[in-house]
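# Examination of the molecular architecture
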Amino acid sequence: MRRVYAGRNIRSAHELNHDLEHLLPLTHLAGLAQAVDLLSATLHKHKRILIVADFDADGATACALAVRGLRLLGAADVRYVVPNRFEFGYGLTPEIVAVAAQQTPDLIITVDNGISSIEGVRAARQLGMQVLITDHHLPGAVLPLADAIVNPNQPGDEFPSKNLAGVGVIFYVMLALRAKLRENGWFALNNISEPNLGQLLDLVALGTVADVVPLDHNNRILVAQGLARIRQNRCNAGIRALIAVAGRQQGGISASDLGFAVAPRLNAAGRLEDMSLGIECLLCDDDTAALAYACRLNELNHERRTIETGMQEQALSALAAMKLDVDNLPSGLCLFNPTWHQGVIGILASRIKDRLHRPVIAFAQTGEDELKGSARSVPGLHIRDALDAIAARHEGLLSKFGGHAMAAGLSLKLADFETFSAAFNAEVRRHLSESQLQGLLESDGVLAASEIGLELAEVIRAAGPWGQGFPEPVFNGTFEIASARVVGVKHLKLLLRPAGSPRLCDAIAFNVDSAVLSALTQKEPTAKPQHTGQASGVSTVHIAYKLDVNEYRGERTVQLLVQQMDCVSSLERNGLGE
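Let me sum up the structure you'll find in this document. (Residues numbered from 1 in each chain as written. Predicted model: local features only at pLDDT ≥ 70, side-chain atom pairs only at ≥ 80, totals over all residues. Heavy atoms only, no water.)

## Considering the pairing of strand E3 (residues 107–111)
Where burial is concerned, most of E3 is hidden: five out of the five residues are buried. Residues Leu-107, Ile-109 and Val-111 point to one face of E3 and Ile-108 and Thr-110 to the other, with burial holding for every one of them. In the sheet, strand E1 (residues 48–52) pairs with E3 via four bridges, with the strands oriented parallel. The residue bridging Leu-50 from the neighbouring strand is Ile-108, located in E3. Across five bridges, the pairing between E3 and strand E4 (residues 130–134) is parallel. (Buried < 20%, exposed > 50% of the residue type's maximum accessible area, 1.4 Å probe, protein only. Helix = DSSP H or I, 4+ residues; strand = E, 2+ residues; numbered from the N terminus. Pairing = 2+ DSSP bridges.)

This is the structure:
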């Protein structure tokens, strides 16, 4: 673990301490004083507050946290609205302000959006509403004229961490508001017990992991504390239900479970229908009702997977038809199909980016002459800054854009797609070298056969939370294949023997290429392998893998999660070696 931590630039034990007392203080977060003054006055006058949320998991958790937090602090009237992405698009637009005005709010609070909503803020204030923006996205050259803005990435902000997710920003606002209310005697005056806002950390953990923000020390504290509460069953009913329908063990939940099992189900509502369904799930306090919400979200996630699979096949077929190879594949790739679902293009861009190791923007048609794009980047290219540079060089090319380092969204005219594609490729080429487009996998080194076991797997699981910017350890080594079989159509279940060792290890590789599946499984041993004997027909692979704890019928065993597999030995002769 010393080796692992050194590889992640950990220099002191303090950086591994996840106690809440080590959270960065509220000081230096620009706009916080104005925000809590505004909120305190609103609460004292019993005015109506309306939360305007984003339609992804970060936005949903931030919305649920704001509603729950304000109610805990004694707010008399708290409501929310979340734009339907297919009707209103992203952020506090004038159109969503018109919808909000139907509920006659005195104060609008944006969560996970608003920093670019210049026209929307103007419209709200013209209608007599005050506006508090809480966001974490990068601002443009001009800020909206809101009554208060809290965003660690706004100019002049001295908060040490710029990596808070939207849910993290609103959590800090609630902490500051509680301190302000305590100071002015609000709780005693209204006979309210001062709430423990730690009960909201389950939402902070889920939103932070789901938004794939870098897990610096401050974010690791937030996620670790939230995970601890979920494991102890001190979480809200909605999160408990989402974990259940995802088939995960709540008592052993990890950050990766939140990212790969819980968050996609929550996100499915915003991608295919209306994120209000996900927010209601997170606001629900009744286990039966929460489970009903979670089951519907699970159904939507299955539907999303089906749509995504079809879109990915179309994208790969289009790439194959272009007959591109490593030498002429664009450095920055833009893909468009008029039949693609705009709620799923972000996932599609992410999948193609992972496959081709380069920035990808997937576009869907949202109007007769309008395209909406979702961008995903690779290390070395700040995707929002790249779009900003393109907008500066090509005036009028982009209708609008926004985002952060690894993900962004944009809109442009259908007629400008080819022009933008060329501009995007040129901008990526300015920043990324050929070596940065190779998709190299970094390893924490080789483990001895004696180290590949449950003990180390348990230590690694407890040593997180792992995630963006603080990756889970990956090891590499050469193994003999004792047996291999296909499970679930495209996954590969393996029994591996470390080179030079009699031990056998269970392993699984997900979403394996069909040619590799065929080559590996056609060489099954003629007899069932014994734990100390040699199997016939054995091939050899060099793999990169994670150590995982597999629970089955109450028994915990170590399992290797294969991240990459380079086939050697007899398989090289089949042309499968890399």
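## Topic: helix H15 (residues 383–393)
The complete set of buried residues in H15 reads Ile-383, Arg-384, Ala-386, Leu-387 and Ile-390. Within H15, the buried residues cover an arc of 160° as seen down the axis, which keeps them to one side. Where H15 is buried, its residues meet strand E7 (360–367), strand E8 (370–376), strand E9 (398–403), strand E10 (407–413) and helix H16 (417–431). (Arc of directions from axis to C-beta. Contact = heavy atoms within 4.5 Å.)

## Quick notes on the sheet that holds strand E2 (residues 77–81)
Read across the sheet, five strands follow the order E2-E1-E3-E4-E5 without closing on themselves; strand pairing throughout is parallel. Two strands bound the open sheet, and with one partner strand each, they are E2 and strand E5 (148–150). With direction set aside, neighbouring strand axes in the sheet form an average angle of 20°. (Axes fitted to C-alpha atoms, helices over the stretch in contact; angles between N-to-C directions.)

## Some details on the nonpolar core
Membership of the largest hydrophobic core comes to 140 residues, with the highest contact counts inside it found for Ile-51, Leu-70, Ile-109 and Leu-560. With eleven residues, the top contributor of residues to this core is helix H6 (residues 166–183). Setting aside residues up to four positions removed in sequence, Leu-560 forms contacts with Ile-452, Phe-479, Leu-496, Cys-505, Asp-506, Ala-507, Ile-508, Ile-543, Tyr-545, Lys-546 and Leu-547. One finds Val-378, Ile-390, Leu-410 and Leu-437 within the second-largest nonpolar core, a separate group that totals 23 residues. (Core = buried A, V, L, I, M, F, W, Y, C linked by side-chain atoms within 4.5 Å.)

## So, the packing of aromatic side chains
Evaluation of the coordinates by the stated rule reveals eight aromatic pairs. A centroid spacing of 5.8 Å and a plane angle of 50° characterise the contact between Phe-336 and Phe-417, whose relative ring orientation is tilted. Here Phe-417 lies in helix H16 and Phe-336 lies in strand E6 (residues 333–336), a separation of 81 residues in the sequence. On the basis of relative accessibility, which here comes to 26%, the residue Phe-336 falls in the partly exposed class. Under the relative-accessibility criterion, Phe-417 is labelled buried at 12%. For the ring pair Phe-363 and Phe-420, a centre distance of 5.9 Å and an interplane angle of 80° mean the geometry is edge-to-face. Of this pair, Phe-363 sits in strand E7 while Phe-420 sits in helix H16, and the two are 57 residues apart along the sequence. Take Phe-420: its relative accessible area is 0%, and that puts it in the buried class. (Phe/Tyr/Trp six-rings, centres within 6.5 Å; stacked < 30°, edge-to-face > 60°.)

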